[in-house]
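Coordinate inspection notes
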Amino acid sequence: MVSDCWERMMGRSNSDFLPAQRKLAFVVLSIFVIFTNAANAAKPYTIALYSQGLSLATLPPLLLPYHNGPVLSGKSIDLYLIFYGGFTNSQREIVLDFLNSFRSVSGADAHAVSSWWKTTTGYKDAFGSGVSASVNLAKQMTDATYSLGKTLKVADIEALVKHAVHLKVFPTSPKAIYMVLTSKDVYVDGFCMNTCGFHAYAFPSPATEDKMLPYAWVGNSETQCPGQCAWPFATPHFGPQAPPLRPPNGDVGMDGMIINIATVLAGAATNPYDTGYYQGDAAAPLESVSACVGIFGKGAYPGYPGELMVHNKTGSSFNARGNGDRRFLIPAMWNPASLNCVPL
């Protein structure tokens with residue numbers, strides 16, 4: 001639907017881009033897709049569980065071809081946030097400080113969250129417009145009553161977004177991202193089995209005011225699968241068993257969520273309608289950050305996240321600074337200029 005329109009405008013088809021193979025000298029990524037009723041929801045693209053392997057083959061550089069569709073360009077990307085379940089005030093503050101760190105600041109530290117996000121501006125659409133350099137946390141709401149219960153289907157994530165729109169809590173915008181975060185006592189279909197989070201989009205309908213709405217979900221894995229969705233702050237369930245790192249905000253589940261929030265935000269901004277930047281099958285794509293799984297610093301290899309900074313007082317590991325003097329660990333992002341995964 002979207003890609004056909006863009007292909008007509010561009011005069012080219014997706015077949016013009018030949019899929020490239022990833023350089024798998026150290027990292028192998030497995031991405032899974034959860035299928036939902038196409039009449040109700042788009043296919044959510046998931047971030048993989050932590051999974052690394054070894055390969056002796058040196059393959060061509062990683063390429064994420066552009067598929068002729070839109071990216072989230074413009075002055076700023078508005079973010080609408082739903083905390084679903086039992087989050088403490090301190091947990092919410094970790095997330096809010098992180099999301100308030102995305103605004104582009106002149107002369108920002110090279111290790112600022114905003115510097116990491118700046119890489120997305122190199123992902124340009126057919127008209128030469130790149131992803132917005134700024135993410136604005138426009139509004140948030142809390143559903144502490146578990147309105148849909150503690151066991152959710154994938155379609156329930158979209159339902160929560162549509163309900164907030166219906167209540168006029170959030171406006172509708174195809175240039176925004178609607179994000180649902182679930183607490184540690186909430187299970188979402190596929191969580192820990194094949195995903196830590198995903199991004200998708202709602203098809204135009206009366207419930208969305210006939211607009212396509214990009215949305216995303218990330219769960220707190222603290223009590224369910226920290227070794228899979230909060231590595232390197234927990235011992236992995238498989239692979240090299242190196243001691244876990246100390247989380248920068250003292251919360252394994254929430255610091256793990258920050259990694260996954262960063263991943264789905266970058267994916268939603270550079271590939272909002274599965275016609276943007278990705279490699280492979282559109283149903284299971286490698287995207288801007290999911291293509292770089294397990295890489296957080298220079299010299300990363302299986303079981304080792306790479307060279308990181310360590311806080312003198314707490315001994316916690318981090319690579320990014322944010323709002324409120326917060327420290328975070330965020331994954332490497334594929335740089336379209338250098339054609340490789342670049343960590344902060």
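Just so we're clear, the structure is a prediction, and the values are computed from it rather than from any experiment.

1. What about the side chain of Ser101?
Structurally, Ser101 can be placed in the loop between α2 (89–99) and α3 (113–118). Its relative accessible area of 8% is what places Ser101 among the buried residues. The contacts of Ser101, once residues within four sequence positions are left out, are Val113, Ser114, Gly322, Asn323 and Phe328.

2. Digging into α2
Among the 11 residues that make up α2, eight are buried, leaving the element largely enclosed by the rest of the structure. When we look at burial in α2, the residues that qualify are Gln91, Arg92, Ile94, Val95, Leu96, Asp97, Phe98 and Leu99. Looking at the buried positions of α2, the neighbouring elements they touch are β2 (77–84), α3, β3 (135–143), β5 (177–182), α6 (252–270) and β12 (327–328).

3. What about α6?
Helix length check: α6, at 19 residues, gives a terminal C-alpha distance of 28 Å against a target of 27 Å (1.5 Å per residue), a fit within 8%. Among the 19 residues of α6, 18 are classified as buried, and the element is accordingly described as predominantly covered. One side-chain oxygen at the N-terminal end of α6 lies 3.1 Å from the backbone nitrogen of Gly253; it belongs to Asp251.

4. Let's talk about the packing of aromatic side chains
Ring pairs (aromatic) are described by centroid distance and by the angle formed between their planes. Across all of its chains, the model carries 20 aromatic pairs by this definition. Between Tyr80 and Tyr178, the ring centres sit 5.2 Å apart and the planes meet at 20°, which makes this aromatic pair stacked. Highlighted residues: Tyr80 in strand β2 and Tyr178 in strand β5, separated in sequence by 98 residues. Comparing Tyr80 with Tyr178 shows no difference in burial state: the two are buried. With a centroid separation of 5.3 Å and an interplanar angle of 80°, the aromatic rings of Phe191 and Trp217 are classed as edge-to-face. In this pair, Phe191 is assigned in the loop between β6 (187–188) and β7 (197–202) and Trp217 in strand β8 (residues 213–219), connecting sequence segments 26 residues apart.

5. Let's talk about the state of the cysteines
Per the stated rule, a full pass over the model turns up three disulfides. At a sulfur-sulfur separation of 2.0 Å, the disulfide partner of Cys192 is Cys225. Disulfide Cys192 to Cys225: torsion about the S-S bond roughly -70°, handedness left-handed. Of this pair, Cys192 sits in the loop between β6 and β7 while Cys225 is found in the loop between β8 and α5 (226–229), placing the two residues 33 residues apart along the sequence. Exposure class is identical for Cys192 and Cys225. Each is buried. Here Cys292 pairs with Cys341 through a disulfide, and the sulfurs are 2.1 Å apart. Judged by the sign of its S-S torsion, about -85°, the cystine formed by Cys292 and Cys341 is left-handed. Within this pair, whereas Cys292 is found in the loop between α6 and β9 (309–310), its partner Cys341 is found in strand β14 (residues 340–342), the two being separated by 49 residues in sequence. Residue Cys341 is classed as buried on the basis of its relative accessible area of 16%. Across the protein, the disulfide pattern expressed with sequentially numbered bonded cysteines is 1-3, 2-4, 5-6.

6. Focus on the environment of Ala112
Tracing the backbone shows Ala112 in the loop between α2 and α3. Distance in space between the C-alpha atoms of Ala112 and Asn323 is 9.1 Å, their sequence separation being 211 residues. Excluding residues within four positions of it along the chain, Ala112 makes contact with Arg321 and Leu344.

7. Considerations on the environment of Gly303
With respect to the helices and strands, the residue Gly303 is situated in the loop between α6 and β9. Sequence separation between Gly303 and Gly239 is 64 residues, and the spatial gap between their C-alpha atoms is 7.1 Å.

8. Observations regarding the packing of α2 against α6
Geometrically, a packed helix pair is captured by the angle between its two axes and the distance between the axes. Between α2 and α6, the least distance of the axes is 10 Å, while the angle of their chain directions is 35°. When the axes of α2 and α6 are compared, the crossing they make is right-handed. Where α2 approaches α6, its residues Gln91, Ile94, Val95, Phe98 and Leu99 are matched on the opposing element by Met254, Ile258, Ile261, Ala262 and Leu265. Residue classes in the contact of α2 with α6 are distributed as nine nonpolar, one polar and no charged.

9. Let's talk about the confidence of the model for the protein
Averaged over every residue, the pLDDT of the protein is 86; the share at 70 or more is 81%. In the predicted structure, residues 1–41 sits below a pLDDT of 50 and forms 107 contacts with residues beyond four places in sequence or in another chain. Taken together, the stretch residues 51–57 has pLDDT below 50 and engages in 22 contacts with residues farther than four places along the chain or on a different chain.

10. As for the nonpolar core
Formed by 52 residues in total, the largest nonpolar core has its most connected members in Phe98, Leu99, Trp117, Leu181 and Ile261. The set of elements that each furnish at least two residues to this core consists of β2, α2, α3, β3, β5, β8, α6 and β13 (333–335). Residue contributions to this core peak at 10 residues, all from α6. Ignoring sequence-local partners within four residues, the contact set of Trp117 consists of Ile77, Phe102, Val131, Ser132, Ala133, Ser134, Val135, Leu265, Ala266 and Ala269. Counting 28 residues, the second largest nonpolar core, distinct from the first, contains Tyr178, Phe191, Cys196 and Tyr215.

Cut-off values and rules
Residues numbered from 1 in each chain as written. Predicted model: local features only at pLDDT ≥ 70, side-chain atom pairs only at ≥ 80, totals over all residues. Heavy atoms only, no water. Helix = DSSP H or I, 4+ residues; strand = E, 2+ residues; numbered from the N terminus. Buried < 20%, exposed > 50% of the residue type's maximum accessible area, 1.4 Å probe, protein only. Contact = heavy atoms within 4.5 Å. Expected span 1.5 Å × (residues − 1). Polar contact = N/O pair within 3.5 Å; in protein donor to acceptor, adjacent residues only side chain to side chain. Phe/Tyr/Trp six-rings, centres within 6.5 Å; stacked < 30°, edge-to-face > 60°. Disulfide = S-S within 2.5 Å. Axes fitted to C-alpha atoms, helices over the stretch in contact; angles between N-to-C directions. Left-handed = near helix turned anticlockwise from the far one by under 90°. Nonpolar A, V, L, I, M, F, W, Y, C, P; charged D, E, K, R; others polar. pLDDT = per-residue confidence, 0-100. Core = buried A, V, L, I, M, F, W, Y, C linked by side-chain atoms within 4.5 Å.

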